[in-house]
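# Fold and contact review
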Amino acid sequence: MSSKAKVLKGKKILIVSSDVVPYMPQSISAVKAFELGKSINQAGGQTRIFIPRYGSINERRHQLHEVIRLSGINLVINNYDYPLYIKVASIPKLRMQVYFIDSDDYFKRKGYLKDSSGKYFPDNDERMIFFTKGVIETVKKLNWVPNYIHLHGWFTSLFPLYLKTKYKNDLLFKNSKIISSLYQDIFPGHLNEQFNEKLEYDEISNIGLNHSTPIDALKLLSLGITYSDGVVIAEQDISQTLIKQIKSGKKPFLSSEESRQDQQVIDFLDREFS
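Just so you know, these numbers come straight off a predicted model, no measurement behind them.

Counted according to the given criterion, the structure contains 13 aromatic pairs. Here the aromatic rings of Tyr 82 and Tyr 106 are separated by 4.9 Å at their centres, their planes lie at 50°, and the arrangement is tilted. Of the two residues, Tyr 82 sits in strand E5 (residues 80-83) while Tyr 106 sits in the loop between strand E7 (96-102) and helix H3 (124-142), which places them 24 residues apart along the sequence. Tyr 106 shares its class with Tyr 82; the two are buried. Plain terms: the ring middles of Trp 154 and Phe 155 are 5.8 Å apart, the flat faces sit at 80° to each other, and that makes the pair edge-to-face. As far as burial versus exposure is concerned, Trp 154 and Phe 155 are alike and both buried. Chaining the aromatic ring pairs together yields one cluster made of Tyr 54, Tyr 82, Tyr 106, Phe 107, Tyr 112 and Phe 130. For Arg 109, the ring lying beneath its charged end belongs to Phe 121, and the centroid distance is 4.6 Å. Here Lys 166 stacks its cationic end above the ring of Tyr 167, 5.9 Å away from the centre of that ring.

Before going further, it helps to examine the packing of helix H6 (residues 217-227) against helix H7 (residues 240-248). In a pair of packed helices, the angle between the axes and the distance between the axes together describe the arrangement. Interaxial distance between H6 and H7 falls to 10 Å at its minimum, and their mutual angle equals 15°. As far as their axial angle goes, H7 and H6 are roughly parallel. Note on packing geometry: the crossing formed by H6 with H7 is right-handed. Between H6, through Leu 218, Leu 221, Ser 222, Ile 225 and Thr 226, and H7, the contact on the second element is made entirely by Leu 242, Gln 245 and Ile 246.

A word on the environment of Ser 103. Mapping Ser 103 onto the fold places it in the loop between E7 and H3. Among the residues examined, Ser 103 registers a relative accessible area of 0% and is labelled buried. Each C-alpha atom of the pair Ser 103 and Asp 216 lies 25 Å from the other, and the pair is 113 residues apart in sequence. The contact partners of Ser 103, leaving out residues within four places of it in the chain, are Pro 83, Lys 108 and Phe 130.

Thresholds applied
- The numbering scheme is per chain: residues are counted from 1 as the chain's sequence reads.
- pLDDT decides what is reported in this predicted model: residues at 70 or higher carry local features, side-chain atom pairs at 80 or more are listed and counted, and totals for whole chains, interfaces and linings draw on all residues regardless.
- Excluding hydrogens and water, the side-chain figures rest on all heavy atoms present in the structure.
- To pair, rings of Phe, Tyr and Trp, with the six-membered ring standing in for Trp, must have centres within 6.5 Å; the planes then decide the type, stacked if under 30 degrees apart, edge-to-face if over 60, and tilted in the middle.
- Numbering goes from the N terminus for both helices and strands, where a helix is a DSSP run of H or I of at least four residues and a strand is a run of E of at least two.
- Whether a residue is buried, partly exposed or exposed follows from its accessible area with a 1.4 Å probe, protein chains only, as a fraction of its type maximum: under 20%, in between, or over 50%, in that order.
- Working rule: Lys NZ or Arg CZ, within 6 Å of ring centre, within 35 degrees of ring normal, means a charge sits over the ring.
- In this analysis an axis means a line fitted to C-alpha atoms, helices contributing only their contacting stretch, and an angle means the value between N-to-C directions, from 0 to 180 degrees.
- Reported orientations rely on four angle classes, namely roughly parallel under 35 degrees, roughly antiparallel over 145, roughly perpendicular from 65 to 115, and oblique for the rest.
- By definition, any crossing whose near helix is turned counterclockwise from its far helix by less than a right angle is left-handed, and any crossing with a clockwise turn is right-handed.
- Residue contacts are counted whenever heavy atoms from the two residues lie within 4.5 Å of one another.

This is the structure we're talking about:
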């Protein structure tokens, strides 16, 4: 293997996505998250992937098992306690561990982000918060210090915000670089009208969100971009509003043409953040 392919040797990369093959259908983000993790491993890096444990994921077929030492804590969402369960599986032949954030309240339902009629769940905002805090708290319990945190899809948009505000004094993530990958798949309408109040319960405020204006997908993604250290434009036809924000900012980004190959993304990480 060439020396160029070893640029991430010894580096730890946390991949967080709303979907990953082979556990879910082959969306672009599910495939890219998986393929990037595979390429990073082959380049000498260490990856751990986190996704929600949706009710449609067959635990027996994919050999999921609960990690008792990581489960059992409660996460507080808007002043209510919700138990967190952690399950893990290994992708055969690739030595990649996948961690599943599980919740009887938020992720037992069969649908990923929509119900059987195609409507987005009204509590997706709380599911995002639970997933975000669940991943962060689990990584802390693992005491696994990531060099890079690579996020895939709008459902992960709160990670940069939480890591740079609520968890800003946590030494585990002090030197972690956050990279957000943007995709075409976004939700219509807006999040729950109490979304701002739920963030404020976690002592997150003064972040430029207007309480009287509902949070739509573009505002949510813009928030993620603002608090990320870098951006990968993973597909073409991303909103021009977001493209303008990315290009006018000072943080590194990779265009959709440049991000087609995993090696280009790996080189981007090494070039901009090593």
